[in-house]
Amino acid sequence: MSHEETATEAGRRRERFGALPERIRPEDMVETTPAVQHDPDRDRYDPDEFAIRFGL
């Protein structure tokens with residue numbers, strides 16, 4: 001049984017599927033966030049740390 005499309009059905013289909021959605025740029029699909037928050041104490045230089053850590 002074949003179904004012939006009426007004018008109103010064709011109009012509805014064209015209204016719903018007639019145009020593609022706006023293109024999304026790849027740059028807009030990616031979000032970067034740091035894995036861990038920056039810890040200023042971790043990056044602080046301690047000249048004695050090597051000696052303390054390795055028992056020198």
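Here goes a summary of the coordinates provided.

Here the focus is the overall build of the chain. A tally of regular secondary structure across the chain gives 3 helices and 0 strands. Starting at the N terminus, the α and β elements of the chain follow one another as α-α-α. Taking 2.2 N^0.38 as the reference for a compact globule, 56 residues should give roughly 10 Å; the C-alpha atoms of the chain span a radius of gyration of 31 Å, well beyond that estimate. The dimensions of the chain, computed from C-alpha atoms along their principal axes, are 90 × 25 × 15 Å. Each of the 56 residues in the chain was classed as buried or not, and the buried ones make up 2%. By element, 52% of the accessible surface of the chain is carried by carbon and sulfur atoms, the whole surface being about 6600 Å². When the 9 basic and 14 acidic side-chain charges of the chain are each reduced to a single mean position, those positions are 8 Å apart.

Procedures and definitions
Residues numbered from 1 in each chain as written. Predicted model: local features only at pLDDT ≥ 70, side-chain atom pairs only at ≥ 80, totals over all residues. Heavy atoms only, no water. Helix = DSSP H or I, 4+ residues; strand = E, 2+ residues; numbered from the N terminus. Rg over C-alpha atoms; globule rule 2.2 N^0.38 Å. Buried < 20%, exposed > 50% of the residue type's maximum accessible area, 1.4 Å probe, protein only. Areas by Shrake-Rupley, 256 points an atom, 1.4 Å probe, with all protein chains shown as cover. Lys, Arg positive; Asp, Glu negative; His and termini not counted. Charge placed at Lys NZ, Arg CZ, Asp CG, Glu CD.

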